[in-house]
Amino acid sequence: MSNSTSISKPVFRVVALQLAIATGFALLTWNIGGVIKAWSAAYGGAIAVIGSLMYAMIVAGGTNDAKKAFRAHVRAEVTKIFITVVLFIVALTLFQSASWLWLILGFAVSTFAYWLALLAI
């Protein structure tokens, strides 16, 4: 089995589990607080999931060279942070009716889910 296959599958499983938890949290929020809060939580979760997906796509190739692997992870993390900031700015400008508490909670729950998924996989 090649190194890229052994790296990419778990990385994308982490993102899939994060997406499932973010979706579940948005549905729970819809049940508790209504549509606007649910969309806000979903958008916050999407910000975290999109950042994680970008990270996974960058590091999925894998390598046995430590320097290349380190550079890939640094590039992936910088990209993830950039995407996160841009998506929060987009939310701030385009989603004026958002419930900011629920948007941030959606992001926080999804980010926490990512960390838990890393432990589970």
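Further up the page is the structure itself.
These lines cover the structure that appears in this document, whether it is placed above or below. A quick note: this is a predicted structure, and the numbers were derived from the prediction, not measured. (Residues numbered from 1 in each chain as written. Predicted model: local features only at pLDDT ≥ 70, side-chain atom pairs only at ≥ 80, totals over all residues. Heavy atoms only, no water.)

1. Some remarks on the layout of surface pockets
Using a probe with the size of a water molecule, rolled over the atoms, empty space left in the structure can be pinpointed.
Stage number 1. Considering only enclosed or pocket space, the second largest pocket measures out at about 220 Å³ in volume.
Stage number 2. Every residue lining the second largest pocket is counted, 13 residues in all, and those nearest its centre are Thr-23, Ala-26, Ala-38, Trp-39 and Ala-42.
Stage number 3. Top contributing element to the lining of the second largest pocket by residue count: helix H2 (residues 35-59), with seven residues.
Stage number 4. Of the residues in the lining of the second largest pocket, the class split is eleven nonpolar, two polar and no charged. (1 Å grid on protein atoms, 1.4 Å probe; cavity = no way out; pocket = protein on both sides within 12 Å on 5 of 7 lines; lining within 4 Å. Points joined across faces, edges and corners; volume = space filled by probe spheres on them. Helix = DSSP H or I, 4+ residues; strand = E, 2+ residues; numbered from the N terminus. Nonpolar A, V, L, I, M, F, W, Y, C, P; charged D, E, K, R; others polar.)

2. Considering the environment of Ile-83
Stage number 1. Mapped onto the secondary structure, Ile-83 falls in helix H3 (residues 66-94).
Stage number 2. Taking the C-alpha atoms as reference points, Ile-83 and Ala-48, 35 residues apart in sequence, are found 9.3 Å from one another.
Stage number 3. Those residues within four positions of Ile-83 in sequence are excluded, and the remaining contacts are Ile-50, Gly-51 and Met-54. (Contact = heavy atoms within 4.5 Å.)

3. A look at the environment of Thr-23
Stage number 1. Its place among the elements puts Thr-23 in helix H1 (residues 3-33).
Stage number 2. The exposure class of Thr-23 is partly exposed, given its relative accessible area of 39%.
Stage number 3. When the C-alpha atoms of Thr-23 and Ala-38 are compared, they prove to be 9.6 Å apart, with 15 residues separating the residues in sequence. (Buried < 20%, exposed > 50% of the residue type's maximum accessible area, 1.4 Å probe, protein only.)

4. Here's the deal with the packing of H2 against helix H4 (residues 100-120)
Stage number 1. Contact geometry for H2 and H4: axes closest at 6 Å, N-to-C directions at 40 degrees. Where H2 crosses over H4, the two elements pack in a sense that is right-handed. Contacts from Lys-37, Ser-40, Ala-41, Tyr-43, Gly-44, Gly-45, Ile-47, Ala-48, Ser-52 and Tyr-55 of H2 reach H4 at Trp-102, Leu-103, Gly-106, Phe-107, Ser-110, Thr-111 and Tyr-114.
Stage number 2. Looking at the contact of H2 with H4 residue by residue, the classes come out as nine nonpolar, seven polar and one charged. (Axes fitted to C-alpha atoms, helices over the stretch in contact; angles between N-to-C directions. Left-handed = near helix turned anticlockwise from the far one by under 90°.)

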